Protein chains: 2
Amino acid sequence: MPFPSSATATPIQDNPDTLLRQRARRVVPGGMWGHMNVASLPEGYPQFYRSAKGCRLTDVSGREYIDFMCSFGPIILGHHDPEIDDAAIAQGRRGDTMNGPGECLVELAELLVETIPHADWATFSKNGTDATTTCVTIARAATRRRKILVARGSYHGAVPWCTPSLVGVTAEDRAHIIYYDYNDLESLTSAVEQAKGDLAAILATAYRHDVRRAQEMPTLDFLRTMRQICDDTGAALILDDVRAGFRLHLGGSWEVYGVRPDLSAWSKAIANGYPLAAVTGRDAFREAAASIYITGSFWCSAVPMAAAIATIRKLHRSDAAAKLERAGDRFRNGLQKQAARLGLSLQQTGPSQMPMLLFEDDAEFRLGGLFVAEALANGVFLHPWHNMFLSLAHSDAEIDLALEGTARALEAVARIA
Amino acid sequence: MPFPSSATATPIQDNPDTLLRQRARRVVPGGMWGHMNVASLPEGYPQFYRSAKGCRLTDVSGREYIDFMCSFGPIILGHHDPEIDDAAIAQGRRGDTMNGPGECLVELAELLVETIPHADWATFSKNGTDATTTCVTIARAATRRRKILVARGSYHGAVPWCTPSLVGVTAEDRAHIIYYDYNDLESLTSAVEQAKGDLAAILATAYRHDVRRAQEMPTLDFLRTMRQICDDTGAALILDDVRAGFRLHLGGSWEVYGVRPDLSAWSKAIANGYPLAAVTGRDAFREAAASIYITGSFWCSAVPMAAAIATIRKLHRSDAAAKLERAGDRFRNGLQKQAARLGLSLQQTGPSQMPMLLFEDDAEFRLGGLFVAEALANGVFLHPWHNMFLSLAHSDAEIDLALEGTARALEAVARIA
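Conventions used here
- Residues numbered from 1 in each chain as written.
- Chains lettered and ligands numbered in written order.
- Predicted model: local features only at pLDDT ≥ 70, side-chain atom pairs only at ≥ 80, totals over all residues.
- Heavy atoms only, no water.
- Helix = DSSP H or I, 4+ residues; strand = E, 2+ residues; numbered from the N terminus.
- Rg over C-alpha atoms; globule rule 2.2 N^0.38 Å.
- Buried < 20%, exposed > 50% of the residue type's maximum accessible area, 1.4 Å probe, protein only.
- Contact = heavy atoms within 4.5 Å.
- Areas by Shrake-Rupley, 256 points an atom, 1.4 Å probe, with all protein chains shown as cover.
- Core = buried A, V, L, I, M, F, W, Y, C linked by side-chain atoms within 4.5 Å.
- Least-squares fit on C-alpha atoms with pLDDT ≥ 70 in both.
- 1 Å grid on protein atoms, 1.4 Å probe; cavity = no way out; pocket = protein on both sides within 12 Å on 5 of 7 lines; lining within 4 Å.
- Points joined across faces, edges and corners; volume = space filled by probe spheres on them.
- Nonpolar A, V, L, I, M, F, W, Y, C, P; charged D, E, K, R; others polar.
- Pairing = 2+ DSSP bridges.
- Buried area = accessible area lost by both parts, 1.4 Å probe.
- Salt bridge = Lys/Arg side-chain N within 4 Å of Asp/Glu carboxyl O.
- Polar contact = N/O pair within 3.5 Å; in protein donor to acceptor, adjacent residues only side chain to side chain.
- Disulfide = S-S within 2.5 Å.
- Axes fitted to C-alpha atoms, helices over the stretch in contact; angles between N-to-C directions.
- Expected span 1.5 Å × (residues − 1).

1. Focus: the overall build of chain A
- Scanning chain A for helices and strands turns up 11 helices and 13 strands.
- Whereas a compact globule of 417 residues would reach a radius of gyration of roughly 22 Å, chain A reaches 22 Å, a difference of no more than 12%.
- Expressed along its principal axes, the backbone C-alpha trace of chain A runs to roughly 60 × 55 × 45 Å.
- Scored against the burial criterion, the 417 residues of chain A give a buried share of 67%.
- Of the contacts formed within chain A by residues at least 6 apart in sequence, a portion of 76% connects residues at least 24 apart.
- Summed over its atoms, the accessible surface of chain A is roughly 14100 Å², and 48% of this surface lies on carbon and sulfur atoms.

2. Describing the nonpolar core
- Core analysis: the largest hydrophobic core is formed by 294 residues, its most contacted members being F124(A) and F124(B).
- Those residues in contact with F124(B) that sit more than four places away from it in its chain are W33(A), L105(B), L108(B), A109(B), L112(B), L276(B), A277(B), A278(B), W299(B) and M305(B).

3. Re the relation of the copies chain A and chain B
- By a simple turn and slide, chain A fits onto chain B: the slide is 0.0 Å along the axis, the RMSD is 0.0 Å, and the turn is 180 degrees. Considering both components of the superposition, the chain copies are consistent with a two-fold axis. Considering only C-alpha atoms, the part of chain A nearest the rotation axis is E172(A), at 2.6 Å.
- Mapped onto chain B, 100% of the interface residues of chain A are again interface residues, and the two copies thus contact each other with one and the same surface.

4. As for empty space enclosed by the protein
- As enumerated under the stated definition, the model contains 11 cavities of 30 Å³ or more in all.
- By volume, the largest cavity is sized at about 400 Å³.
- What lines the largest cavity is a set of 30 residues, and nearest its centre among them are P160(A), W161(A), D173(A), P160(B) and D173(B).
- Residue assignment for the lining of the largest cavity shows that the elements contributing at least two residues are α4 (128-143) of chain A together with α4 (128-143) of chain B.
- Looking at the lining of the largest cavity residue by residue, the class counts come to 12 nonpolar, 10 polar and 8 charged.
- By volume, the second largest cavity amounts to about 140 Å³.
- Taken together, 18 residues line the second largest cavity, and the ones lying closest to its centre are A158(A), V159(A), P160(A), T133(B) and I294(B).
- The residue makeup of the lining of the second largest cavity, split by class, is 9 nonpolar, 8 polar and 1 charged.

5. Details of the sheet that holds strand β1 (residues 49-53) of chain B
Residue and element names in this part refer to chain B.
- Read from one edge of the open sheet, 4 strands run β1-β2-β3-β13, paired in mixed fashion. Each edge of the sheet is formed by a strand with only one pairing partner; in this case those strands are β1 and β13 (380-381).
- With 2 bridges connecting them, strand β3 (residues 64-67) and β13 associate as parallel partners. Among the inter-strand pairings, I66 is bridged to a residue of β13, identified as V380.

6. Let's talk about the interface of chain A and chain B
- Chain A puts 94 residues into the contact, and the matching count from chain B is 94 residues.
- The junction of chain A with chain B conceals about 8000 Å² of combined surface from both sides, 62% of it contributed by carbon and sulfur atoms.
- Ranking the residues of chain A by area buried against chain B places W33(A), N99(A) and Y293(A) at the top, with a combined share of 11%.
- Connecting chain A to chain B are 4 salt bridges.
- Ionic pairing is found between E110(A) and R23(B), a salt bridge with its closest N-O pair at 2.8 Å.
- Seen at the junction of chain A and chain B, the total is 42 residue pairs in polar contact (both at pLDDT 80 or more).
- Among the secondary structure elements, those contributing two or more residues to the side of chain A that touches chain B are α1 (16-27), β1 (49-53), α2 (82-94), α3 (103-115), β4 (121-125), α4 and α7 (286-291) of chain A.
- Its residues assigned to classes, the side of chain A that touches chain B comprises 46 nonpolar, 29 polar and 19 charged.

7. Some words on the state of the cysteines
- Evaluated as defined, the whole model comprises 0 disulfides over all chains.
- With no disulfide partner, C300(A) has as its closest neighbouring cysteine sulfur the one in C104(A), 9.4 Å distant.

8. Overview of the sheet that holds strand β9 (residues 263-266) of chain A
All names here are of chain A.
- In space, the 7 strands of this open sheet follow the order β4-β10-β9-β8-β7-β5-β6, with mixed pairing throughout. What marks the edges here is a single partner per strand, and that holds for β4 and β6 (177-180). In this sheet, adjacent strand axes meet at a mean angle of 20 degrees when their direction is disregarded.
- Pairing of β9 with strand β10 (residues 277-281), which is carried by 4 bridges, proceeds in the antiparallel orientation. Along β10, the bridge assignment pairs L263 with G281.
- Packed on one face of the sheet, α4 meets β4, β5 (147-151), β7 (199-205), β8 (236-240), β9 and β10 and runs near 165 degrees to β9.

9. A few points about the pattern of salt bridges
Residue and element names in this part refer to chain A.
- Counted according to the given criterion, the structure contains 42 salt bridges over all chains.
- Salt-bridge contacts for E398 lead to R56; the nearest nitrogen and oxygen are separated by 2.9 Å. One end of the pair, E398, is in helix α11 (residues 396-416); the other, R56, is in strand β2 (residues 56-59), and 342 residues separate them in sequence.
- A salt bridge links R227 to D262; the nearest nitrogen and oxygen atoms lie 3.0 Å apart. Taken together, the residues R227 in helix α6 (residues 220-233) and D262 in the loop between β8 and β9 connect sequence positions 35 residues apart.
- The buried category is assigned to D262, whose relative accessible area is 1%.
- It is possible to trace a salt-bridge network through shared partners that takes in D81, E83, K314 and R317.

10. So, the environment of P218(B)
Residue and element names in this part refer to chain B.
- With respect to the element layout, P218 can be found in the loop between β7 (199-205) and α6 (220-233).
- Note on P218: relative accessible area 5%, which makes it buried.
- Measuring from C-alpha to C-alpha, the distance between P218 and Y207 comes to 5.2 Å, with 11 residues separating the pair along the chain.
- With residues near it in sequence (within four places) discarded, P218 still touches Y182, N183, A206, Y207, L223, W254 and Y257.

11. So, helix α1 (residues 16-27) of chain B
- Across its 12 residues, α1(B) extends 17 Å between first and last C-alpha, which sits within 8% of the 16 Å expected from 1.5 Å per residue.
- For α1(B), every residue scored as buried is listed here: D17(B), T18(B), L20(B), A24(B) and V27(B).
- Check the buried side of α1(B) and you find it contacts α3, β4 and α7 of chain A.
- With a side-chain oxygen positioned 3.1 Å from the backbone nitrogen of D17(B), the residue opening α1(B) is N15(B).

12. Some thoughts on helix α8 (residues 302-318) of chain A
Residue and element names in this part refer to chain A.
- The terminal C-alpha atoms of α8, which comprises 17 residues, lie 24 Å apart, in line with the 24 Å expected from a rise of 1.5 Å per residue.
- Counting buried residues along α8, 14 of its 17 residues qualify, which places the element largely inside the surrounding structure.
- One or two residues past the end of α8 sits D319, with phi positive at roughly 50 degrees.

13. A word on the pairing of β9(A)
Residue and element names in this part refer to chain A.
- Side chains L263 and A265 project from β9 onto one buried face, and the interleaved S264 and W266 project onto a second face that is buried too.
- When β8 meets β9, the two strands line up parallel, connected through 3 bridges. Its bridge partner being in β9, I238 is matched across the sheet by L263.

14. A few points about the layout of surface pockets
- As a volume, the largest pocket reaches approximately 1000 Å³.
- Along its surface, the largest pocket is lined by 47 residues, and Y293(A), T295(A), H35(B), Y155(B) and P164(B) are the ones closest to its centre.
- Within the residue set of the lining of the largest pocket, elements represented by two or more residues are α7 of chain A together with α4 and β5 (147-151) of chain B.
- For the lining of the largest pocket, the element with the most residues is α4(B), which contributes 3 residues.
- Its residues placed into classes, the lining of the largest pocket shows 20 nonpolar, 20 polar and 7 charged.

15. Some thoughts on the side chain of R208(B)
All names here are of chain B.
- Structurally, the position occupied by R208 is in the loop between β7 and α6.
- Among the polar contacts made by the side chain of R208, one reaches the side chain of D210 at a distance of 3.1 Å.
- Ignoring any residue separated from it by four or fewer positions in sequence, one finds R208 in contact with R152, Y182, R213, Q215 and E216.

Okay, here's the thing in structure tokens:
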């Protein structure tokens, strides 16, 4: 545990979270898996949750937080937005997982095609990983080539071709993956040369949102160069919009740059927490998309699709990206003022809708860990090394309240900095 | 369309299903994907559904069927069993997709460990494919070997290492997959020899339930030989119980044979239609399971876990496998008598809980296609070349009613046989 423990945290030896962790360790390998395993997070970080509503989250110990993680992205309107839950419940009364899709599959595909300028069609699945893997398979089917260019350190999912760990992965799982550095034209060009005539696709996240480092927006040059290479070679430009999708622009995160992908992977925020993923694509890749075999038992379930339709319609009505940006700006500006007053240097990077907060010269997250532990103790849920997320439920009042908590947390940091 | 059209089917040129298919063709590649695409199924087969309740299913045209597909497996208690939906709705009021799991994750893992004799632990995901892929990755991590033995023609999911089509798949995706024939000891032994010292796992479905052919139960010899090879080599014996799980035996489909796997993949019926998958395993594979990186945005969502807890508890209380078998037997015996009376030869194979119905000498499904089309026209939902599924909602009265429909359908078959 590299983090200093929180001075104000309550004793945790017999609280419900601790007891649940002990039970979990017996029946779940390592007590928990993946990005939701809090083993390497500051002391006091809860592992288990009781309930959520709006921008508030309550852990199993009954502690309530103003939540800036939004379930790592899925919650874009606020937890359990009544309009979305009502749409889901109404669909659930009729049918969810049936012998095939409901009408809502067609409605949702039509809505995505209307909403996303590069989308001529859509398919649906459950995980972001399903969507990125489908994009890769479509690109290979369309081009009859094999090489996929992936930015070093970018997260595209948790199966052998892309998972961040190599444990249990064979060399062949990555035989046709070539790495480049995000925003680095030289490394991109060199990766293209390495692929020679075998380039099937260039895959990139909406912007550089790797964990444990400052976020970086894509340069226009980078996006245009990728587009040009794909136009020249017939390879597919794949946008992995799983994490950023719907927060920066409803039509896809590169719309503001005027660069359009051939295929996009979506998930997380698409249905405000209901499990769904999607692939959208251009007509040129339609035939290939129809030619591959993809399927899943729950991919046609109607409830998450009804929730997605309601979510996207509400996002359209709400001028969502701009509102999320304003909320993020309010939070960022407040933090910046608090830090400046205390003589602390904060590095706030990436889009305001998905803020990342790092302290300068804090590679071991000593300051970041303490800050987050103290913020939690003061009712504000943050993450020390993963980008955070705003939702439309983050009102000015809630953000101002959160800033009262961060003020106290930053004071604790200033004492050890 | 190789099937004769149904004499009694209503005209479909302007019914809601046809209109939806036309809309779908514009916005979904091929109009639909995977196992729920009905393009190669008999005329009159619906593509889109409106609602489901108990063992009844209603398509978008308002036609109601007694459903023997159970959403291709997920529905084991009947569509929208009130007890399960109530548990899901109650959890949904508190929280679903939060910043981490709810208490129900631990409860469900504990329940699986109590229920499944070989299970010392569990992890959760969304797709059956997630579960089988996780098992393979754990086996490789545990053994530090690479080769996975897979039965030729068995379905284990829809990603490049296992999907039934090779379109968009590279040779390297299958570099370490070695095929054997289910129930064939000679081919199994030869596959093991081919793997030499590099055998990570033998993977097998609960029984042979490949599409388009008669089902086959595993021989005791086959199961024991797989177990012995894995004991001798340290490889993992992986049971893919995604399709059959919970219908044949709550403790895993091989329990009746006294052969226990090291790892099992579960999904489909685990939560009566709510999207969930699980991996269970023996202690020897716990450390490896904790060492790999797997995760998904919705893998910790609480609603499907609450539904799974309620489902498994109800299955325990209901003596489910025996009841499903009796229901399946009643259906089978009725069909057999009807066919015999008409001089038709039916091939009914596999467990009664998951019946497969083929006509003798009907490789092109000419008779099967007509039978299913006529059954649909008479209110009975069947499949011509995929195994079917019983649920606890299939009461004697419903099965007897279904048999009235199949009697008329078989008469139509007898006229052309």
